[in-house]
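Structural characterization, general
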Amino acid sequence: SAVISQKPSRDICQRGTSLTIQCQVDSQVTMMFWYRQQPGQSLTLIATANQGSEATYESGFVIDKFPISRPNLTFSTLTVSNMSPEDSSIYLCSVKGQGAYGYTFGSGTRLTVV
Amino acid sequence: GQQLNQSPQSMFIQEGEDVSMNCTSSSIFNTWLWYKQDPGEGPVLLIALYKAGELTSNGRLTAQFGITRKDSFLNISASIPSDVGIYFCAGQRFQGAQKLVFGQGTRLTINP
């Protein structure tokens with residue numbers, strides 16, 4: 001399965017600022033996803049990062065708040081914009097290769113907004 | 001968004017005991033996956049199930065794809081301290097669907 005490097009692993013940010021999270025994969029993958037995991041909760045899909053086109057956002061998530069880039073088949077970024085304490089969560093990158101075994105997750109970015 | 005109903009939410013057991021958890025849904029799923037998440041890490045895939053009725057093992061772990069395609073269970077036999085963590089079920093609704101739907105998770109705590 002693919003190996004994912006996600007950066008930063010954690011950060012503490014001031015409210016009103018923005019943070020960009022990077023996801024680098026060691027092989028070309030067809031699908032890349034961004035998830036949010038609020039404290040003590042399950043994973044919620046934010047969006048599917050599409051190579052060469054705008055990301056596909058899930059209900060409740062908008063591009064202005066969570067802009068996503070995917071310039072190629074191995075890299076994507078998620079920006080959390082104009083942060084508030086409610087954005088404090090773990091943000092996870094995930095990729096899908098061939099078959100279900102391709103659903104691999106990065107180690108996550110633990111974000112605290114103060 | 002849609003979630004799978006996973007139970008129990010938490011378990012407190014003695015080392016050596018067997019563990020069982022399950023996920024149910026009102027909808028049919030094409031694929032069931034079981035993940036484990038350790039603190040500070042992303043979920044790691046344990047078992048993937050593709051066919052209704054399929055029973056698959058991975059060491060001390062056994063999982064089954066329910067015959068109705070609306071449920072799945074995970075069993076862990078003879079638990080050890082490193083089994084501690086949060087277990088998530090996840091499902092893929094239909095062939096070609098790229099998104100996963102997750103259960104709420106089962107937090108497993110083991111008393112030595």
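On a predicted model such as this, the values are computed, not experimentally measured, just so you know.

A few points about the overall build of chain B
- Broken down by element type, chain B carries zero helices and eleven strands.
- Reading chain B from its N end, one meets helices and strands in the order β-β-β-β-β-β-β-β-β-β-β.
- Relative to its length of 112 residues, chain B is compact, with a C-alpha radius of gyration of 13 Å against a globular reference of 13 Å.
- Each of the three principal axes of chain B carries a C-alpha extent, and together these read 45 × 25 × 20 Å.
- For chain B, the proportion of its 112 residues judged to be buried stands at 46%.

What to know about the environment of A:Thr77
Residue and element names in this part refer to chain A.
- In this structure, Thr77 sits in strand S8 (residues 75-80).
- Along the primary structure Thr77 and Cys93 are separated by 16 residues, whereas in three dimensions their C-alpha atoms are 9.0 Å apart.
- Each residue touching Thr77, except ones within four places of it in the same chain, is listed here: Thr20, Ile21, Gln22, Trp34, Pro67, Ile68 and Ser69.

Focus: the packing of aromatic side chains
- Going through the model one piece at a time under the given rule, you end up with ten aromatic pairs over all chains.
- A ring pair is formed by A:Phe61 and A:Phe66, whose centres lie 5.6 Å apart and whose planes are at 65 degrees; its orientation type is edge-to-face. As far as burial versus exposure is concerned, A:Phe61 and A:Phe66 are alike and both buried.
- Between B:Phe29 and B:Trp32 the ring centres are 5.2 Å apart and the planes differ by 45 degrees, which places this aromatic pair in the tilted class. You'll find B:Phe29 and B:Trp32 in the same group, each marked buried.
- Members of the aromatic cluster, connected to one another through ring pairs, are A:Tyr35, A:Phe105, B:Tyr35, B:Phe88 and B:Phe102.

Conventions we followed
Residues numbered from 1 in each chain as written. Chains lettered and ligands numbered in written order. Predicted model: local features only at pLDDT ≥ 70, side-chain atom pairs only at ≥ 80, totals over all residues. Heavy atoms only, no water. Helix = DSSP H or I, 4+ residues; strand = E, 2+ residues; numbered from the N terminus. Rg over C-alpha atoms; globule rule 2.2 N^0.38 Å. Buried < 20%, exposed > 50% of the residue type's maximum accessible area, 1.4 Å probe, protein only. Contact = heavy atoms within 4.5 Å. Phe/Tyr/Trp six-rings, centres within 6.5 Å; stacked < 30°, edge-to-face > 60°.

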